[in-house]
Amino acid sequence: MDKAGWRLDRTQAEAWLADLLRAGRSVYAPVERNGMRAFGAVVAPGDVTFAEGKTRFSPKEHVFPRTEVLFRYQLDNAGVTLSDPPPDTAERVLFAVRPCDAAGLVRLDGVLADDPFYAARRERTVVVTLGCDEPAPECFCTAVDGAPHGTEGSDVELLPAPDGILVRPLTPKGQALTSISAAGWPAASAQDWEQAAERGRTAAAAILRQPVAKEWAARLESNFESPTWSGIGERCLGCSICAYVCPSCSCFDVQDEGGASCGERCRNWDACSFRQFTAHASGHNPRGDQPARYRQRLLHKFGYYPARGSGQWMCVGCGRCVTLCPVGIDIHEAVRVVMAAQPEKR
Amino acid sequence: MVTRPSVLPAMPAAAVPAQDWQPTIVAIVCNWCTYAGADMAGTTRLVYPASVRMLRVPCTGRMSPLFVLRAFERGADGVLLSGCHPGDCHYVHGNLYARRRFASFRALLDFMGLDARRFHVSWVSAAEGAKWAKVVTDVTAAVRAAGPLKGWGRLAADGKLPWLPAPPPPPRGTPAAGDQQAIAGHLRALCQQLLEQGKVQQVLGYRPGTLPGRMVPALIGRPEDAKLLDWSDQCHTDLAVYLAGAQRLAGKIGIVVKACDARALNGLLQEAQVRREDLTVIGVSCPGVLDASSLALKCYACDGEVAASCDYTVLPAGAQPGAVGSGARRAVAADPRDAQIEFLSRLPAAERWAFWQAQFDACIRCYACRAVCPYCYCGTCITEKSQPQWIPTTIDGKGNTAWNFIRAYHLAGRCVGCDECSRVCPAGLRLDLLNRRIALEMERRFDYRAGETMDGGPPLAAFQPDDPQEFIY
């Protein structure tokens, strides 16, 4: 099988990054920041850390920022003036994105594609994925239709190879990105790709978590009133780490910040685990406790969306929520527990 | 009221030549003394700089750090708080409570790296028009010297950050696996017994999580489930968090506590959030927990002996009623957080400011710090209150600075240093240092260590007529 593409060593890869920066692209890649690896703006190509597992946060904030201004208002003697924030025209490259995170961007597209701010940013974003050869204990991409070498949402695929990386563009956007530097690159052999694919299969085999079966989507929902939920969610403390580190969570809140004479309307990340997320002005809260809120989170990802939307899980199996949950709630395990519970009589 | 733009205009600092620059200072004054004093200054035709915008409140006791944060956030270069002299308060004690609060948030502002020349407190009586004129003149000079405030909620322009010194090696090795297994066995037996005897309806303990080595909170209701309980150096969660606030458990609860958790429990009892008679406190003689693979910083100075308040002590040798010493004589060392605080405190304020702004910039406002804190039990958190919205909702430098400041401040005199907020923070913020800095201030000023006693109240809910006030004009 000939996949063409190239085989670069670290120096050539860095030269490519340097070319991208020179070409005016804003490159975001795993860099060391505040003592942890995160998707940060690359200033010098040497900053990028390639193969050391996942970053702490997913790269979603570069297309769906934590906070963004929707418009500004000003009130003076002339009346009310509304103004748009300056358009974000950066040509972004998300570099060395893990396949789970790239799949997460596709999930975000499903929800936010019609949003002009998101769409404009996403349109100008090229995703360069880096296949994963070292799945961590929390990883379960293979359980939700992903793979350590998956290419969903990828414009350019990178695969780790001994002493370097294999590169091949997958989309016209990706082609445009590689063509900036590809003139002198050494070609990769079919054997290179086959060896890389073998490492991918080994990585996939190292993920031991059981697949989530497609037919579970409807059954999870039919277990809505199961007492199991309270056992799962009772230790949830109601922070939003799970949602904010999630590559596919897309909920937001809209708030006005400012005073009577001037201010901004902002869109901020929000999460279903917060009490206020569904609190009514009357005081009533349809999701009155943490188990109910956790059920919402799980059903959103494994019930409602897959059963009624695209048929895809809204979870990509990166496992960040499992690692970072202060009380160790494991969403994959929770699905299993709910499925193991006696189905409700209807 | 303070959101009105005429009160707090943004200062167009860049457009004004430096030598003519007048700072914008927000003076928050009490109605009965300082406001009248300023009036006196006016009627006696005293001349003083026109740099202050006055905000009148009933009493210094009403002055919240939220006012101060908002003023800086909206462009003030300096803030002056002023009210009646001790003994003269119209409401008898308002200014005495306020004095303790001013001292603690002044310490926190300073630790965050705010230039000390920007924040001032004074006592000015209704008769002291001349003193008011002098205070305003002095404060204006100080703020002028500090220059326009540009960095509130912004990262340092040059991107250079001080690096905290690494902590010294821990004073003792990691806990012996055999001891931990023995403790786990005794815990299981004791909890099963308590459940069988009906002394407790539920036990709060730990059990293995789904990831290798992880321990997660466990809520056990049936005696036969007690076998799920476990113990290791990964039992991080301060389980007292489940005793107050939205997650509060009902009924008779048996709770497994480490030495730090027991202090949190004392605090909750002191604040009347939990009834002692509903609790059976099972103290584990704790050799320490690990952060990654090394002893957690909070454990360096802690010998892990169970608190006197425990109903049972679980030792590797067995479970016993009452609080029992382990006889283990675990090696302790100076609290390494203190050395890091000392390091930051010695830096120039601007560098400290850059450090904390970079920290706050990383904050994603997941509120995990609040969620895991036993003391964050408010039904509605200040950050959720929207009339007015004191803490900006935006997940950026401005909103995050206000949030992280106020979270730490609300724990003044209460935080026992379990460091759970820091451990769970996905962005790695050193919230433990903010908490510990205020705790040290409480210790220094009021000789108070949170969680060590249930007598009296937290220091900010009390006062002494002669509390130190060296920072007040």
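Definitions and limits used
Residues numbered from 1 in each chain as written. Chains lettered and ligands numbered in written order. Predicted model: local features only at pLDDT ≥ 70, side-chain atom pairs only at ≥ 80, totals over all residues. Helix = DSSP H or I, 4+ residues; strand = E, 2+ residues; numbered from the N terminus. Rg over C-alpha atoms; globule rule 2.2 N^0.38 Å. Buried ≥ 20, exposed ≤ 12 C-beta atoms within 10 Å, placed from the backbone. Contact = placed C-beta atoms within 7 Å. Nonpolar A, V, L, I, M, F, W, Y, C, P; charged D, E, K, R; others polar. Core = buried A, V, L, I, M, F, W, Y, C linked by C-beta atoms within 7 Å. Domains from an automatic or database assignment. Axes fitted to C-alpha atoms, helices over the stretch in contact; angles between N-to-C directions. Parallel < 35°, antiparallel > 145°, perpendicular 65-115°, else oblique. Pairing = 2+ DSSP bridges. Right-handed = clockwise from strand over helix to strand, strands pointing away. pLDDT = per-residue confidence, 0-100. Expected span 1.5 Å × (residues − 1).

Participant: Would you mind going over the overall build of chain B with me for this structure?
Facilitator: Counting its secondary structure elements, chain B contains 12 helices and 12 strands. Taking 473 residues into account, the globule formula puts the C-alpha radius of gyration at 23 Å, and chain B, at 25 Å, falls close to it. Each principal axis of the C-alpha distribution contributes one length, and for chain B these read about 80 × 50 × 40 Å. When burial is assessed residue by residue, chain B has 52% of its 473 residues classed as buried.

Participant: Which parts of the structure should I look at to understand the environment of A:Ser248?
Facilitator: All names here are of chain A. Within the fold, serine 248 resides in the loop between α8 (241–244) and β10 (252–258). On the neighbour-count criterion, serine 248 (27 C-beta atoms within 10 Å) is buried. Separated by 226 residues in the primary sequence, serine 248 and arginine 22 place their C-alpha atoms 31 Å from one another. Once you skip the residues sitting within four places of it in the chain, serine 248 turns out to touch Gly104, Arg107, Leu108, Met314, Cys315 and Val316.

Participant: Got a minute to help me understand the interface of chain B and chain A in this structure?
Facilitator: Often the size quoted for an interface is simply the accessible area lost on bringing the parts together. Facing 32 residues of chain B, the contacting portion of chain A comprises 36 residues. A per-element tally of the side of chain B that touches chain A places strand β6 (residues 215–220) of chain B first, with three residues. Considering only residue class, the side of chain B that touches chain A consists of 20 nonpolar, eight polar and four charged.

Participant: Whenever I open this one, the nonpolar core confuses me. Can you help?
Facilitator: Proteins that are soluble and globular tend to have nonpolar side chains buried together. Core analysis: the largest hydrophobic core is formed by 236 residues, its most contacted members being A:Val128, A:Ile241, A:Phe302, B:Val79, B:Leu108 and B:Ala368. At eight residues, helix α3 (residues 94–111) of chain B tops the list of elements feeding residues into this core. Once residues lying within four places of it in the same chain are set aside, the contact partners of A:Val128 are A:Val93, A:Leu94, A:Phe95, A:Ala96, A:Val97, A:Asp155, A:Val156 and A:Leu158.

Participant: Just to check I follow, could you spell out the domain arrangement of chain A for this structure?
Facilitator: All names here are of chain A. Splitting chain A by domain gives domain 1 (6–206) and domain 2 (216–340). On a C-alpha basis, the centroid separation for the pair domain 1 and domain 2 is 26 Å. With 34 residues of domain 1 in contact, the opposing surface of domain 2 contributes 29 residues. Only β4 (67–76) and α2 (99–112) provide two or more residues apiece to the side of domain 1 that touches domain 2. If you tally residues by element for the side of domain 1 that touches domain 2, the top one is β4, at 10 residues. The residue inventory of the side of domain 1 that touches domain 2, partitioned by class, reads 18 nonpolar, six polar and 10 charged.

Participant: Would you take a moment to explain the packing of helix α8 (residues 349–362) of chain B against helix α10 (residues 397–409) of chain B for this structure?
Facilitator: In helix packing, the relevant descriptors are the interaxial angle and the interaxial distance, both defined with respect to the helix axes. All names here are of chain B. Where α8 meets α10, the closest approach of the two axes is 8 Å, and the angle between their N-to-C directions is 105°. In this view, α8 runs roughly perpendicular relative to α10, as classed from their interaxial angle. Of α10, the residues touching α8 (which contributes Gln357, Phe360 and Asp361) are Gly397, Asn400, Thr401 and Asn404. In terms of residue class, the contact of α8 with α10 is built from one nonpolar, five polar and one charged.

Participant: Would you take a moment to explain the domain arrangement of chain B for this structure?
Facilitator: Residues and elements named next belong to chain B. Considered domain by domain, chain B is made up of domain 1 (21–146), domain 2 (177–321) and domain 3 (336–461). Look at where the C-alpha atoms of domain 1 and domain 3 centre, and you get two points 24 Å apart. With 18 residues of domain 1 at the interface, the matching set in domain 3 holds 21 residues. Mapped by element, the contributors of at least two residues to the side of domain 1 that touches domain 3 are α2 (65–73) and α3. Ranked by residues supplied to the side of domain 1 that touches domain 3, first place goes to α3 with eight residues.

Participant: Could you clarify how one ought to interpret the sheet that holds strand β1 (residues 6–8) of chain A in this entry?
Facilitator: All names here are of chain A. Ordered in space as β1-β9-β8-β7-β6-β2-β3, the seven strands form an open sheet in which the pairing is mixed. The sheet is open, and its two edges are formed by β1 and β3 (36–41), each paired on a single side. Put simply, the sheet's adjacent strands are angled 25° from each other on average, direction ignored. Both strand β6 (residues 92–97) and strand β7 (residues 125–130) contribute to a ladder of four bridges, which runs parallel. Its bridge partner lying in β7, arginine 92 is registered against threonine 125.

Participant: How should the environment of A:Gln312 be read in this particular structure?
Facilitator: Residue and element names in this part refer to chain A. Inspection of the secondary structure puts glutamine 312 in the loop between α9 (290–308) and α10 (320–324). By the C-beta count within 10 Å, which is 17 here, glutamine 312 ends up partly exposed. As for glutamine 312 and serine 83, which are separated by 229 residues in sequence, their C-alpha atoms are 38 Å apart. If we ignore the near neighbours within four places in the chain, the residues touching glutamine 312 are Arg107 and Pro306.

Participant: Can you walk me through the pairing of strand β8 (residues 279–284) of chain B in this structure?
Facilitator: Along any regular strand, the residues point their side chains to alternate faces of the sheet. Residues and elements named next belong to chain B. Counting buried positions along β8 gives five out of six residues, so the element sits mostly inside the fold. One ladder, built from five bridges, connects strand β7 (residues 253–257) with β8; its direction is parallel. Residue pairing in the sheet places valine 256 in a bridge with isoleucine 282 of β8. Between β7 and its parallel partner β8, the chain crosses via helix α6 (residues 259–270), and the hand of that crossover is right-handed.

Participant: Which parts of the structure should I look at to understand the confidence of the model for chain B?
Facilitator: Residues and elements named next belong to chain B. Confidence in the prediction of chain B, expressed as mean pLDDT, is 92, and 96% of residues score 70 or more. Note on residues 1–14: pLDDT under 50 across the span, and 31 contacts to partners over four residues away in sequence or across chains. Under the prediction, the complex receives an ipTM of 0.93, its pTM being 0.93.

Participant: Explanation requested: the packing of helix α7 (residues 336–346) of chain B against helix α12 (residues 431–446) of chain B in the structure shown.
Facilitator: Residue and element names in this part refer to chain B. Two elements in contact, α7 and α12, have axes separated by 10 Å at closest approach and are oriented at 90°. Accordingly, the angle class assigned to the pair α7 and α12 is roughly perpendicular. Note on element contacts: α12 touches α7 through Asp432, Leu433, Arg436, Arg437 and Leu440, opposite Arg337, Gln340 and Ile341. Class assignment of the residues belonging to the contact of α7 with α12 gives a composition of three nonpolar, one polar and four charged.

Participant: Just to check I follow, could you spell out the pairing of β7(A) for this structure?
Facilitator: Residues and elements named next belong to chain A. Summarising burial for β7: six of the six residues are buried, a large majority. Residue alternation in β7 divides its side chains into two sets, Thr125, Val127 and Thr129 and Val126, Val128 and Leu130, and both sets are buried. Bridge count between β7 and strand β8 (residues 156–161): three bridges; the pairing is parallel. Residue leucine 130 lies in a different strand from β8, and its bridge partner there is leucine 158.

Participant: What is the right way to look at helix α5 (residues 177–196) of chain B in this model?
Facilitator: Owing to its 3.6 residues per turn, the α-helix aligns residues three or four sequence positions apart on the same side. Residue and element names in this part refer to chain B. Between its first and last C-alpha atoms α5 spans 29 Å; for 20 residues at 1.5 Å apiece the expected length is 28 Å, and the two agree. Among the residues of α5, Gln180, Ile183, Ala184, His186, Leu187, Arg188, Leu190, Cys191, Leu194 and Leu195 are the ones counted as buried. Buried residues in α5 make contact with β5 (202–208), β6, β7, β8, β11 (312–315) and β12 (318–321). Once α5 ends, the next one or two residues include glycine 198, with phi positive near 75°.

Participant: When you look at the sheet that holds β11(B) in this model, what are you seeing that I'm missing?
Facilitator: All names here are of chain B. With respect to topology, six strands assemble into an open sheet ordered β6-β5-β7-β8-β11-β12, the strand pairing being mixed. For this open sheet the edge positions go to β6 and β12, each flanked by a neighbour on one side alone. Adjacent strand axes in the sheet meet at a mean angle of 25° when their direction is disregarded. When β5 meets β7, the two strands line up parallel, connected through three bridges. Bridging from a neighbouring strand, valine 203 pairs with glycine 254 of β7.

Participant: Just to check I follow, could you spell out α3(B) for this structure?
Facilitator: Residues and elements named next belong to chain B. In this model, α3 (18 residues) spans 26 Å end to end at C-alpha, consistent with the 26 Å of a helix rising 1.5 Å per residue. With 15 of 18 residues buried, α3 lies mostly within the body of the structure. A positive backbone phi angle near 95° is found at glycine 113, which sits one or two residues after α3.

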